[in-house]
Structure formats: structure tokens, C-alpha cells
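# Observations on the three-dimensional arrangement
The lines below spell out each chain.
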Amino acid sequence: MKCAVCGHVRAGGYQELARHFYDLAEESDPSHVMWLNRNITRRKIDVEALAERLRKYDEGGGSLATWIKQTFIERFLGEKPHPFVLALQNPSRAVLLGYVLEHQHFLRQWVRSCASVIAKTDKVDVTLYEIDNIATEFGGQGRRNPSHYELLIRMGEALGLERGAILSEAALPKTREAISTWRRMAKEAHWLEIMAAMHSLELIANRRLRDEGAAIGYFDPRIFSRDDIPQAVKDFLREGYEADVRHSEEALALVEKYTEELGMEEQVRSAVLESMDAFDTYLQSRLERSREYEGA
């Protein structure tokens, strides 16, 4: 088995290859660290976990979309789901308020990132996709079809907060940290990297991932029939539940199409991994905010 960076052959399969990468990363070898950051993970993991990720990387069949999905599942919806996803399975008022108060800041950055893609691309299908996405997430189509952003604010109101209080609440430090990553990418990165970074995150509510190996969904859909959950909460969650399958699948198809055309696979993988790191941090912020309302 040959190292993709230095070409050295490792006779012991993925375990030996993982040890090779691990040792050189420990020595801060720049070329091997850069390759791991772009293609496997930006976090330090043990040799066993690294060997498994190298195997999945090689066996992805060349499909970038499959790699993105499997990486996202492992990070957020796998055997060890993200703590916020676990909390959302049977959400308390505190958890939902944490969602509202931090997510409003995420959505404001979201529309800037999508607009940045439009400003930088010359691809008509990408432009049309992003226009539709901005309308759904932030613009809306009148009173009968409010935006996801408006539904989020209504959810907060239904949970007992005034609209003015919601909108005036500053983001917590971890949310600001994550947003700074996406803001920098929107300013400096290629449009394809921005697109991949942002729309890979829509996989969080893609219910079809259960058929592709996810151990858990973003939330338990039985929430829609619960009498103790306000209708405004159901309306907000249903919007993502119904829209994010199409949004995420269409985006990944476009990303895969233009990654091949432009020869940018390593750059796109790197952007996706960096964005997932930021998303992890941001979801932690939702939980941190929820603790302010526990027992209230």
C-alpha cells in the first residue's frame, strides 16, 4: 500500500499506512499533515481510527458526494452522535431556546455565504440553486410561505421569548468562532469550496441518511404528533425536514459535477472538513446557550 504523499510502500495495509501518517504528523511533517487535513481529518485521532478513515477514503469509489455523506455521518450522526443531536431527540424548552438564539446568527451568515457563491461563480445552474436557497432560508414568499429564518423567530416566540429579545441577543463565543470561519471562507475561498462547505451542513436534516448508515436522525419525527410541543416548533423543524433532503442532494450533485470539471477535489475536501469542524463548535454553542434556561 502506497502513501499518497511520499510514495513509500507500506506492507501492512491500512494499519501500517495509518501508523506512517500518524508518526509523521506527530513530527509535524508539513506535507503529510496537509494531506490529512485536506482529505481525512483536521483533528488528532488514534491509529485505529485513522486506519479506518483511510480505508473509507480509498473505498469511496471515487464519489465525492459519498465521501461527504459518510464523513458527515461519522462526525454527527454515527454511533457516537453529536451531543446536541442527542439532546434534540427529546428536546426540552431550554434546548430549543438554545437552538433559536444561536441559529439566528448562523442563518444570517448562511445567506452571506450563499450570496458570495453567486457573486463569484459564472455557472448558471449554481446561481439559480443559490437564489432558491436564499429565498427558502431567508427571503420567504409572503405570509403563507415564510422563510426558515422567520419560522425560527416564531419558534422562539412560542417558547416564551419576545421577538426583540431574540434579535438583540448576541452570539456566544463558540458561535462567533464558527461564523468567523465561514465568513473568512466566503471572502477568500473559491466559490466551489464555499458551496461545498456550507451545503454539506444541510445533511444534518437529511432524513435519507438513515438509509446510508446514520445511526440516528437529527430529531425524532414523532415530535410532530406530540401535544406538548408548540406548533411553531413543529413548523420550523418540518421545514428543514422536508426541504433539506432536496437542498443537500442537489448541492452535492452540483459540487461533485464542478469538482470534477475544475479538478479541485483536494480543495473541496479540505473546505468540507474545515466547515464540519466549525459546525461541531457551533452545535456545542447551542447546548451552552440552553444551560442558561435549564429549570426556567
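Residues numbered from 1 in each chain as written. Predicted model: local features only at pLDDT ≥ 70, side-chain atom pairs only at ≥ 80, totals over all residues. Heavy atoms only, no water.

### Here we look at helix H2 (residues 30-39)
Where H2 is concerned, the buried positions are His32, Trp35, Leu36 and Asn39. Down the axis of H2, the buried side of the element spans an arc of 100 degrees, and every buried residue falls inside it. Buried residues belonging to H2 abut helix H1 (13-26), helix H3 (47-58), helix H4 (64-77) and helix H13 (265-290). (Buried < 20%, exposed > 50% of the residue type's maximum accessible area, 1.4 Å probe, protein only. Helix = DSSP H or I, 4+ residues; strand = E, 2+ residues; numbered from the N terminus. Arc of directions from axis to C-beta. Contact = heavy atoms within 4.5 Å.)

### Considering the packing of aromatic side chains
Evaluation of the coordinates by the stated rule reveals 17 aromatic pairs. Consider the rings of phenylalanine 106 and tyrosine 282, whose centres lie 5.1 Å apart with planes at 15 degrees: the pair is stacked. Placement of phenylalanine 106 in helix H6 (residues 93-120) and of tyrosine 282 in helix H13 is noted, with a sequence separation of 176 residues between them. The class of phenylalanine 106 is buried, set by a relative accessible area of 6%. An aromatic cluster of three or more residues is present, and its members are Phe72, Phe76, Phe106, Trp110, Trp182, Phe279 and Tyr282. Lying over the aromatic face of phenylalanine 224, arginine 238 brings its terminal NZ or CZ to 4.4 Å of the ring centre. (Phe/Tyr/Trp six-rings, centres within 6.5 Å; stacked < 30°, edge-to-face > 60°. Lys NZ or Arg CZ within 6 Å of the ring centre and 35° of its normal.)

### Some points on the environment of glutamate 292
With respect to the helices and strands, glutamate 292 occurs in the segment after H13. Residue classification places glutamate 292 among the partly exposed residues on the basis of a relative accessible area of 47%. Expressed as a C-alpha distance, the spacing of glutamate 292 and glycine 98, which sit 194 residues apart in the sequence, is 8.3 Å.

### Some words on the confidence of the model for the protein
For the protein, per-residue confidence averages 90 on the pLDDT scale, and 95% of positions sit at 70 or higher. Element-level mean pLDDT values for the protein span from 82 in H3 up to 98 in helix H10 (residues 173-188). (pLDDT = per-residue confidence, 0-100.)

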